Amino acid sequence: MSVRPMLLKGGRVVDPGQGIDGELDVLLVEGMVARVGLDLEAPEGTVVEECGGRMVTPGLVDVHVHLREPGGEHKESIATGTRAAAAGGFTAVCAMPNTDPVIDSPATVGFVAAMAREAGHCRVYPVGALSVGQKGERLTEIGELVQAGAVAITDDGSPVMDSGLMRKALEYAQAFDIPVADHPEDLSLSRDGVMNEGLVSARLGLPGKPNASEDVHVVRDLLVAELTGGRLHLQHVSTRLAVDAIRQAKDRGVRVTAEAAPHHLLLTDEEVSGYRTDAKMNPPLRTADDRAAVVQGLLDGTLDTLATDHAPHHYEEKEQAFADAPFGIVGLETALGLMLTHFVASGKMECSTLVERMSLQPARAFGLPGGTLSEGHPGDVTVIDPARRWTVDPRDFHSRGRNTPFTGWELRGRAVLTVVGGRVTHRLEESELG
Amino acid sequence: MSRPAFSLGKDLVGLEDLSAEQIRSILDTAEPFKEVSERRIKKVPVLRGKTIVNLFMEPSTRTRISFEFAEKRLSADTVNIGATESSVVKGETLVDTARNLEAMRIDMVVIRHGSSGAAGFLADRIPSNVVNAGDGSHEHPTQALLDLLTIRDKLERIEGLKVCIVGDILHSRVARSNIFGLLKLGAEVGVCGPMTLLPLGIDALGVKVFRRVEEAIEWADVLNVLRLQLERMKGGFVPSLREYNRVYGVSTRRLEKAPRDLLVLHPGPMNRGVEIDSDVADGPQSVILKQVTNGVAVRMAVLYLLAGGVPEKAEAAKTGGGVE
């Protein structure tokens, strides 16, 4: 089925991949970017989208999303998770493999890809498990997973504790030029921790995960990446020393990319006071000092990728005593608004830097098509109304997850149109203009 | 100037949430209730017609029995629910348990739970009064209140005293409640134990940290010696019980070196020969059994106040009329 050409007219096109930031038109033909320029002429039958006063960016990419299917459909499905992604302005997401069963075979990789195609809300790139069953013992058939569509491997949900296994993964994956992503956490240090270890945990009587549990593991991964020359991707970095270590490693030429998550940029462990389970995630919210370091890391590019670690749970799973509730919060539908409000509108970050962190860099880190609007790239576009005011209300989420610490936050800026391969996958309805 | 009517609020979740005045009022209210337990017929009609559920999701003997005596001596109707017999075993969530209790129109829940924050969680979700009888490693407010009452009975003040809590501070709800309560009443507070059992950053709560028990003994007026949970050895927090006793055990030999007479408390149950030696536990400085006696009076006071009683009317309440 062919797709009609689309002309996105008169918006402020921000495409750091081409160094573009100005009022231009974007023409999509046959699902691909045909041209970006001034006063483009549309061929016969073109759909015209008026984008005056809007920002037009390459489609946003989130390389760290838990879609929960198969096995956790009460929390989220591929259909609801990708619908949430489209509503948040994302045109592509990378699905983590810690489902039930684990995505560790070509068949399960194929299942995720097929379900996503059927839903059609955004591109879904499956990430395969690094070890069989994510047990941390032996490598999966990485070549087969890649052939089936996996774009990276990880044991996310759990860290790769065995340094020797991490070495093998970083070596073996080089044949396929895919990144090896790791959730950095030394479990022998974090033990039964349920929040950041510090003043707040001491006061609340909750077992803590010390910064060192992340720092040690980040440094280990960096050293093994340096040893092997492999492509390392560090997930959801949350501590000052981890940011410092990554910065130094990048200076030494280690091939590493790294994520920051919106919640680690905006919240601290004080949020846990009152045993608030919507502030429980792993890695945990840390201190103001760590938060500042993560912000600095994102600004200077040490943390090149913004990723939500979208982790939906059923509401009753979070409706428990703090230690008993699962880790994780949803993020797909709040990330862009949070970043626009608290970084761009407040003047901390240039628009183009935000687009780099949310589109160009994540696409590069995982070797995905897109991330730029240069000719011949996929026609994945996010149209943003930077002035749109809205209030976070989980009842409006498309995600099945309602678990967010940002309920009631008043934000400015929202995706109003999401286009994947030249087709509209989300349009903010006028009735939603609350 | 009229004083606002005294209130403890709906629940007693922890001493961190109370003011010094509220804590003092609980201790003062406990005084008239002490003699009830000394009577031949140990019953007063203060909570007649009130229904109290003792929801103990974690094993407890002393606290549960102490609450039960306090409730029965105040003439409340009580029901006990334990973890093994309860629907929890069948997979019922805490929220559902709470809603079911509420549907049976109860007045109060006394809850013991293994998770920090569980008491507050319950208190936020049901209109009944909730009393925390220990939640995870968070708080055990009535234990701290009875400790405070016992210290005040013996030394006639709290303010200005130096109180050191010795043992597993990391996992101890008793320690946290004592720290909050003692600091609010103007005591100086120390903690002492192996570093593996002290929370990182505990000094930020305003307490002095002692790494050696000898230094704690030299400093303190009062020692509150905590039970060393035997599980801690399995967790690798201490190498062995014998070693713990050698390094941290409170013994007569160590107490003799103190520059002043120390008062020794222990919330029980004791591991004799581990954290405390028998000659100390049974010796003249120990007020351990006094704590147990005071526990009933303090819990009567808490129940009475939460039911709407006021401190000044506690004496009158005992002779009839209840709280309203």
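Coordinates for the structure precede this section.
Notes on the structure in this doc start here. Residue numbers restart at each chain and count upward from 1, following the sequence in its written direction. Whichever chain is written first becomes A and whichever ligand is written first becomes 1, with later ones labelled in order. Totals for whole chains, interfaces and linings use all residues, but because this is a predicted model, local features are given only for residues with pLDDT of at least 70 and pairs of side-chain atoms are given and counted only at 80 or more. Based on all heavy atoms of the structure, the side-chain values leave hydrogens and waters out of the count.

## Comments concerning helix H1 (residues 20–34) of chain B
Working step 1: A rise of 1.5 Å per residue sets the reference length of H1(B), with its 15 residues, at 21 Å; its end C-alpha atoms lie 21 Å apart and thus fit the reference within 8%.
Working step 2: Each residue's exposure class comes from its accessible area (1.4 Å probe, protein chains only) as a fraction of the maximum for that residue type: buried when under 20%, exposed when over 50%, partly exposed otherwise. The helix count covers DSSP runs of H or I at least four residues long, the strand count covers runs of E at least two residues long, and both are numbered beginning at the N terminus. Along H1(B), the residues that are buried comprise B:Ala20, B:Gln22, B:Ile23, B:Ser25, B:Ile26, B:Leu27, B:Thr29, B:Ala30, B:Pro32 and B:Phe33. Expected span, for any helix, means 1.5 Å times one less than how many residues it has.

## Observations concerning the interface of chain B and chain A
Working step 1: At the interface, 20 residues of chain B touch 15 residues of chain A.
Working step 2: When two components associate, each loses some accessible surface as probed by a 1.4 Å sphere; the sum of these losses over both components is called the buried area. In total, chain B and chain A occlude about 1400 Å² of area from one another, counting both sides; carbon and sulfur atoms represent 57% of this.
Working step 3: Salt bridges are defined as contacts in which a side-chain nitrogen from Lys or Arg sits within 4 Å of a carboxyl oxygen from Asp or Glu. Counting every contact that joins chain B to chain A gives 2 salt bridges.
Working step 4: Here A:Arg203 and B:Glu16 are joined by a salt bridge, their closest N and O atoms 3.4 Å apart.
Working step 5: N or O atoms within 3.5 Å of each other form a polar contact, as long as, within protein, one can give a hydrogen and the other can take it, and as long as residues adjacent in sequence are counted only when both atoms are side-chain atoms. At the boundary of chain B with chain A, the tally comes to 7 residue pairs in polar contact (both at pLDDT 80 or more).
Working step 6: The element contributing the most residues to the side of chain B that touches chain A is helix H4 (residues 118–125) of chain B, with 3 residues. Contact between two residues is taken to exist if any of their heavy atoms lie within 4.5 Å; hydrogens are not considered.

## Digging into the pattern of salt bridges
Working step 1: In this structure the tally under the stated criterion is 42 salt bridges over all chains.
Working step 2: Across the pair A:Asp182 and A:Arg220 runs a salt bridge, and its minimum N-O distance is 3.5 Å. Residue A:Asp182 is located in strand S11 (residues 180–182), and its partner A:Arg220 is located in helix H7 (residues 211–228); the two are separated by 38 residues in the primary sequence. Comparing A:Asp182 with A:Arg220, the two get one shared label, buried.
Working step 3: For B:Asp153, the salt bridge identified is with B:Lys290, shortest N-O distance 3.9 Å. Of the two residues, B:Asp153 is situated in helix H5 (residues 141–155) and B:Lys290 in helix H12 (residues 288–306); the sequence distance between them amounts to 137 residues.
Working step 4: Given a relative accessible area of 39%, B:Lys290 falls into the partly exposed group.
Working step 5: By sharing partners, the salt bridges in this structure join B:Asp28, B:Glu31, B:Lys34, B:Arg152, B:Asp153 and B:Lys290 into a single network.

## Some thoughts on the packing of helix H12 (residues 335–344) of chain A against helix H13 (residues 351–365) of chain A
When two helices pack together, you describe them by how their axes are tilted relative to each other and by the distance separating the axes.
Residue and element names in this part refer to chain A.
Working step 1: Axis definition: a line fitted to C-alpha atoms, over the contacting stretch in the case of helices. Angles run 0 to 180 degrees between N-to-C directions. Relative to each other, H12 and H13 sit at 150°, their axes nearing to 11 Å. Here the hand of the crossing between H12 and H13 comes out right-handed. Counting all contacts with H12, which are made through Ala-335, Leu-336, Met-339, Leu-340 and Val-344, the residues of H13 involved are Cys-351, Leu-354 and Met-358.
Working step 2: Note that Gly is not counted as nonpolar here; it falls among the polar residues with everything else outside the nonpolar set of Ala, Val, Leu, Ile, Met, Phe, Trp, Tyr, Cys and Pro and the charged set of Asp, Glu, Lys and Arg. Residue classes in the contact of H12 with H13 are distributed as 8 nonpolar, no polar and no charged. Here a crossing is called left-handed whenever its near helix is offset anticlockwise from the far helix by less than a right angle, and right-handed whenever the offset is clockwise.

## Brief notes about the sheet that holds strand S10 (residues 153–154) of chain A
Residue and element names in this part refer to chain A.
Working step 1: The strand order across the open sheet built from 6 strands is S9-S10-S11-S14-S15-S16, with neighbouring strands paired in parallel fashion. A strand with exactly one partner marks an edge of an open sheet, and here the two such strands are strand S9 (128–129) and strand S16 (305–306).
Working step 2: In short, DSSP must find at least two bridges between two strands for them to pair. Inspection of the sheet shows strand S15 (residues 256–260) paired to S16 by 2 bridges, in the parallel sense. Note on S16: the bridge partner recorded for Ala-260 is Leu-306.
Working step 3: Helix H4 (residues 163–172) contacts S10, S11 and strand S14 (232–234) of the sheet and is inclined by roughly 150° relative to S11.

## Describing the state of the cysteines
Structurally, a disulfide amounts to a covalent bond that connects the sulfur atoms of two cysteines.
Residue and element names in this part refer to chain A.
Working step 1: Criterion for a disulfide: a pair of cysteine sulfur atoms at a distance within 2.5 Å. Throughout the structure, instances matching the rule amount to 0 disulfides over all chains.
Working step 2: Looking at the unpaired Cys-51, the closest cysteine sulfur is the one in Cys-351, lying at 15 Å.
Working step 3: The cysteine Cys-122 is free of any disulfide, with Cys-94 supplying the nearest cysteine sulfur at 9.8 Å.

## Quick notes on the nonpolar core
Working step 1: By convention a nonpolar core is built from buried Ala, Val, Leu, Ile, Met, Phe, Trp, Tyr and Cys residues, the set being connected through side-chain atoms within 4.5 Å. Ranked by size, the top nonpolar core spans 87 residues in total, and within it A:Val93, A:Leu222, A:Leu234, A:Ile246, A:Leu265 and A:Met358 carry the most contacts.
Working step 2: With 7 residues, the single largest contributor to this core is H12(A).
Working step 3: Sequence-distant contacts of A:Ile246, defined by excluding residues within four places in its chain, comprise A:Val218, A:Leu222, A:Leu234, A:Val237, A:Val256, A:Ala258, A:Thr302 and A:Leu303.
Working step 4: Counting 68 residues, the second largest nonpolar core, distinct from the first, contains B:Ile23, B:Leu47, B:Ala144 and B:Ala301.

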